[in-house]
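Listed below are the residues making up each chain.
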Amino acid sequence: MKDGGDEPQPRVLGTAPPAPTAPVTVEAPEPPRAEKRSATGSLVWGLALTQLVGWGTLYFAFALFVAPMEAELGWSRADLN
């Protein structure tokens, strides 16, 4: 076959065989690093926590004041709610 396919090339006398090629190493990519928190995200979480505590305090604190308000104002519990 003259197309140079699978036939070995003739070796010329007095020449050294071709040097073996070095194996190709492929390095694995570095894993993605955790991104730093943004100031906006921290601000939003801080405000959310503040709102949660604030609304929870107002909601449950009202129950503490119902009995004293009922006694002082003379209103019924239904009137206070």
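These numbers come from a predicted model, not from an experiment.

Enquirer: Would you mind going over the overall build of the protein chain in detail, with residue names and values included?
Expert: A count of helical and extended segments in the protein chain gives 2 helices and 0 strands. A total of 81 residues make up the protein chain; the buried ones form 2% of that total. Accessible surface computed for the protein chain: about 8,500 Å², of which carbon and sulfur atoms make up 65%.

Enquirer: Got a sec to walk through the pattern of salt bridges? Specific residues and values, please.
Expert: Taken as a whole and assessed by the stated rule, the structure comprises 1 salt bridge. A salt bridge links Glu70 to Arg77, with the shortest nitrogen-to-oxygen separation between them at 3.2 Å. With relative accessibility at 25%, the residue Glu70 sits in the partly exposed group. A relative accessible area of 45% means that Arg77 is categorised as partly exposed.

Enquirer: Describe in detail the packing of aromatic side chains, supporting the description with residues and values.
Expert: Counted under the stated rule, the structure contains 1 aromatic pair. Aromatic pair Tyr59 and Phe60: ring centres 4.9 Å apart, planes at 90°, arrangement edge-to-face. Comparing Tyr59 with Phe60, the two get one shared label, exposed.

Enquirer: How would you explain helix α1 (residues 39-73) if you had to name every residue and give the values?
Expert: The terminal C-alpha atoms of α1, which comprises 35 residues, lie 48 Å apart, in line with the 51 Å expected from a rise of 1.5 Å per residue. Along α1, the helix axis deviates most sharply at Phe65, where the bend reaches about 35°; the proline Pro68 sits within four residues downstream. Two residues or fewer past α1, Gly74 is found with a positive phi of approximately 75°.

Calculation notes
- Residues numbered from 1 in each chain as written.
- Predicted model: local features only at pLDDT ≥ 70, side-chain atom pairs only at ≥ 80, totals over all residues.
- Heavy atoms only, no water.
- Helix = DSSP H or I, 4+ residues; strand = E, 2+ residues; numbered from the N terminus.
- Buried < 20%, exposed > 50% of the residue type's maximum accessible area, 1.4 Å probe, protein only.
- Areas by Shrake-Rupley, 256 points an atom, 1.4 Å probe, with all protein chains shown as cover.
- Salt bridge = Lys/Arg side-chain N within 4 Å of Asp/Glu carboxyl O.
- Phe/Tyr/Trp six-rings, centres within 6.5 Å; stacked < 30°, edge-to-face > 60°.
- Expected span 1.5 Å × (residues − 1).
- Bend = angle between axes of the 7 residues up to and from the residue.

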